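# A structural walkthrough
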Amino acid sequence: MKKADRKTRLAVVTAMLLKEPGHTFSLKVFCEMFGVAKSTMSEDISMLKNMLKSYGQGEIEVALGAGGGVRFVPFMTPEQKTALLYELSALLSEPSRILPSGYIYMVDVLSNPKYLGPMSDILAGMFVRTNPDFVVTMETRGVGLALLVARALGKPLIVARRDLKIAEGSVVTINYLAGSSRRMMTMSLSKRAVNAGQKALLIDDFIAGGGTMHALCEMMKEFAVTVVGVGAAIATRSPEKKLIDNFKALLMLEDVDIASESILIHPV
């Protein structure tokens, strides 16, 4: 194979790493692709690592040894995080978002890649060291966010269902009490979805009472799977005592006052 110049190597490797964040590439793959020595490729990776980090575009991690390789982990600088979360706080504080139930309208935000991408990068950065085997969420508005978190970590997404689906095959089903509505709900997960001994990261769009996340934790116990983290886009201040502990959220919803048409929400 014709030996590629450094400019070409840097451009192609960057594109490959950003296309598959969280995926570990062996240095051997790059060496064979460009017809260069491992030492040359290591120098290229070191250069890319410094450039991306200095411009706040993400982190390139290098693992040494026979099973090692190179992977790209998206992240945001503290300044970028602050700017995004305050922009979201202002957007979600608009009085027109108040719903009769006392909730706030978030569908447009949770379906907009402009916000979902950066939010998922922040959440992925919070949990990247837990090294989960998969990301799991409930069949709700949080699927989009959870999918992008899974992509950033290079892991599969598992979705628990509210209704039985014939395409899921045999399932495990549990009943649980939703923390906010206090209604009895049903959750099902295919027996083929996960394996005993794996590690799960739980992601949702919204945590109020914590009932859904608590139920997902209980579901993971049924499969002998360890929960290594729980994350959400937004959590409510009330109730103070939730059914789930040790979760991480990007934004805290303090209060929704229908009478005064005001929403108090801020970065955590």
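I will try to describe carefully the structure that is included in this document. Just so you know, these numbers come straight off a predicted model, no measurement behind them. Counting of residues starts from 1 at the beginning of each chain's written sequence and follows it residue by residue. pLDDT decides what is reported in this predicted model: residues at 70 or higher carry local features, side-chain atom pairs at 80 or more are listed and counted, and totals for whole chains, interfaces and linings draw on all residues regardless. Excluded from the side-chain calculation are hydrogens and water; included are all heavy atoms of the structure.

### Quick word on the pairing of strand 5 (residues 171-177)
The alternating pattern of strand 5 places Val172, Ile174 and Tyr176 on a buried face and Val171, Thr173, Asn175 and Leu177 on a face that is not buried. What makes two strands pair is DSSP finding at least two bridges between them. Counting from the N terminus, the helices are DSSP H or I runs at least four residues long and the strands are E runs at least two residues long. The sheet contact formed by strand 5 and strand 6 (residues 184-190) spans seven bridges and is antiparallel. In the strand pairing of strand 6, Val171 is matched with Ser190. Only protein chains enter the calculation, and the probe is 1.4 Å; a residue is then buried if its accessible area is under 20% of its type maximum, exposed if over 50%, and partly exposed in between.

### Examining a nonpolar patch on the surface
Patch building starts from residues that exceed 30% relative accessible area and form no salt bridge, then joins like charges within 9 Å and nonpolar side chains (Val, Leu, Ile, Met, Phe, Trp, Tyr) within 5 Å. Note on areas: Shrake-Rupley with a 1.4 Å probe; residue coverage comes only from the protein chains shown. Each salt bridge in this description consists of a side-chain nitrogen of Lys or Arg and a carboxyl oxygen of Asp or Glu lying within 4 Å of one another. Side chains of Leu99, Tyr103, Tyr105 and Val107 sit close together on the surface and give an oily, nonpolar patch of about 330 Å² of accessible area. Position of Leu99 relative to the elements: it lies in the loop between helix 4 (78-92) and helix 5 (107-110). Classification of Leu99 as partly exposed rests on a relative accessible area of 32%.

### Details of unusual backbone geometry
For the peptide bond that leads from Ser238 to Pro239, omega is 0 degrees, which places it in the cis range. With phi around 50 degrees, Asn131 is a residue other than glycine that occupies positive phi space. As for its placement among the helices and strands, Asn131 is situated in the loop between helix 6 (113-127) and strand 3 (134-138).

### Comments concerning the side chain of Arg97
Mapped onto the elements of the fold, Arg97 is located in the loop between helix 4 and helix 5. Of note is the side chain of Arg97, whose polar atom sits 2.7 Å from the backbone oxygen of Tyr105. Note on contacts: a residue pair qualifies if any of its non-hydrogen atoms lie within 4.5 Å across the two residues. Other than its neighbours up to four places away in sequence, Arg97 contacts Leu91, Leu92, Tyr103, Ile104, Tyr105, Met106, Asp108, Val109 and Ile263. What qualifies as a polar contact is a pair of N or O atoms within 3.5 Å, subject to a donor-acceptor requirement within protein and to the restriction that residues adjacent in sequence count only when both atoms come from side chains.

### Quick word on the sheet that holds strand 8 (residues 226-236)
In sheet architecture, strand pairing relies on hydrogen bonds along the backbone and comes in two forms, parallel and antiparallel. Overall, mixed pairing links the six strands, which are arranged 4-3-7-8-9-10 in an open sheet. Each edge of the open sheet is held by one strand with a lone partner, namely strand 4 (157-160) and strand 10 (262-267). In this sheet, neighbouring strand axes are inclined to one another by 25 degrees on average, regardless of whether the strands run parallel or antiparallel. With eight bridges joining them, strand 7 (residues 199-207) and strand 8 adopt parallel strand pairing. The residue bridging Leu201 from the neighbouring strand is Gly229, located in strand 8. Along the sheet, helix 4 contacts strand 8, strand 9 (248-257) and strand 10; its crossing angle with strand 10, the most-contacted strand, is approximately 170 degrees. Seen against the sheet, helix 6 touches strand 7, strand 8 and strand 9 and runs at an angle of roughly 125 degrees to strand 9. Note on geometry: axes are lines fitted to C-alpha atoms, helical ones only across the stretch in contact, with angles between N-to-C directions running from 0 to 180 degrees.

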